[in-house]
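Structural characterization, general
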Amino acid sequence: MKIKIAGHHTDAGPKIRDYIIEKTEGLERYFDRIVSVDVFLSVERESQIADFHAHLTNKKTINAREESTDMYASIDTAIDRLKRQLVKFKDQLQGVRDQSHADKAGEVSDETPAKRIIRSETYFQKPMTAEEAALQLEAIDKEFLVFVDVDTDEIGIIYQRRDGNFGLIEPRR
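A brief look at the structure comes next.

Sheet topology places strand S3 (residues 47–56) next to strand S4 (residues 61–68); eight bridges connect them, and they run antiparallel. Opposite Gln48, over in S4, you have Ser68 as the bridge partner. Connecting the antiparallel pair S3 and S4 is a turn made up of four residues, with Lys59 showing a positive phi of about 65 degrees.

Across all of its chains, the model carries two aromatic pairs by this definition. Here Tyr19 and Tyr72 contribute two aromatic rings whose centre-to-centre distance is 4.9 Å and whose plane-to-plane angle is 75 degrees, an arrangement assigned as edge-to-face. Linking Tyr19 in helix H1 (residues 14–25) with Tyr72 in helix H2 (residues 71–106), this pair joins segments that are 53 residues apart in sequence. Relative to Phe89, the ring of Phe31 lies with its centre 5.6 Å away and its plane at 65 degrees, an arrangement referred to as edge-to-face. In this pair, Phe31 sits in the loop between H1 and strand S2 (34–44) while Phe89 sits in helix H2, placing the two residues 58 residues apart along the sequence. Judged by its relative accessible area of 3%, Phe31 falls in the buried class. The buried category is assigned to Phe89, whose relative accessible area is 10%.

Turning our eyes to something else, we now look at the sheet that holds strand S6 (residues 155–160). The three strands lie next to each other as S5-S6-S7, forming an open sheet whose pairing is antiparallel. A strand with exactly one partner marks an edge of an open sheet, and here the two such strands are strand S5 (144–148) and strand S7 (166–169). Put simply, the sheet's adjacent strands are angled 25 degrees from each other on average, direction ignored. In terms of strand pairing, S5 meets S6 through five bridges, oriented antiparallel. What sits directly across from Val148, in S6, is Ile155. Lying over the sheet, helix H3 (residues 130–140) contacts S5, S6 and S7, oriented at roughly 140 degrees with respect to S5.

Counted along the chain from S5 to the antiparallel partner S6, the turn is six residues long, and its residue Asp153 has a positive phi close to 55 degrees. Both S6 and S7 contribute to a ladder of four bridges, which runs antiparallel. When the bridges of S7 are listed, Ile157 appears paired with Ile169. Between S6 and S7, which pair antiparallel and follow one another directly, the connecting turn spans five residues, one of which, Gly164, has a positive phi of 95 degrees.

What counts, and at which threshold
- For every chain, the first residue of its written sequence is number 1, and the numbers climb from 1 along that sequence.
- Given that this is a predicted model, residues contribute local features only at a pLDDT of at least 70 and side-chain atom pairs are listed and counted only at 80 or more, while totals for whole chains, interfaces and linings are drawn from all residues.
- Water and hydrogen atoms play no part in the side-chain values, which are based on all heavy atoms of the structure.
- Pairs of strands are assigned from DSSP output, requiring at least two bridges between the strands.
- Strands here are runs of E lasting at least two residues and helices are runs of H or I lasting at least four, both read from the DSSP assignment and numbered beginning at the N terminus.
- Paired rings are identified among Phe, Tyr and Trp, the last through its six-membered ring, by centres lying within 6.5 Å, and are further divided according to the angle between planes into stacked (under 30 degrees), edge-to-face (over 60) and tilted (the rest).
- Using a 1.4 Å probe on the protein chains alone, a residue whose accessible area is under 20% of its type maximum counts as buried, one over 50% counts as exposed, and one in between counts as partly exposed.
- For helices, the fitted line uses only the C-alpha atoms of the stretch in contact; every axis is such a line through C-alpha atoms, and the angle between N-to-C directions lies from 0 to 180 degrees.
- Contacts are assigned to residue pairs with any non-hydrogen atoms lying within 4.5 Å of each other.

Following this line, the structure appears as structure tokens:
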């Protein structure tokens, strides 16, 4: 996780930087897919403001801004707010997964509803090797990647296995 600290009308000295780093690294206990955290400290009159922006892997950003007369108190309160939001977001993700499993279990009726396409993604990718596709799959954090093999000009599918390795599906003629 990257941590970027910036300040406006304040000097973020080594003590406060270490304190921020210690607190933000603890956020990974609540949600493990945090890419980076941007911290912006500012002082306006007697107000000490701590503004946190946590960037998650699925391009979601969670923000927390806190203002008080003490910078450490602002940081603590903002971190607590971030923790609550991360836990809530994680619970929402779990709820979506649990709901989809419950829907599948509940579809044992005599009538099978018509299946439909929920979402479609189209993108053009340069031809690549299976190793490059594996690296690309890790970078985009999806379950699988459809790619064109550079050697055979055939479509291949690479996917993440439960054991942490990759699986490759190639067409056979």
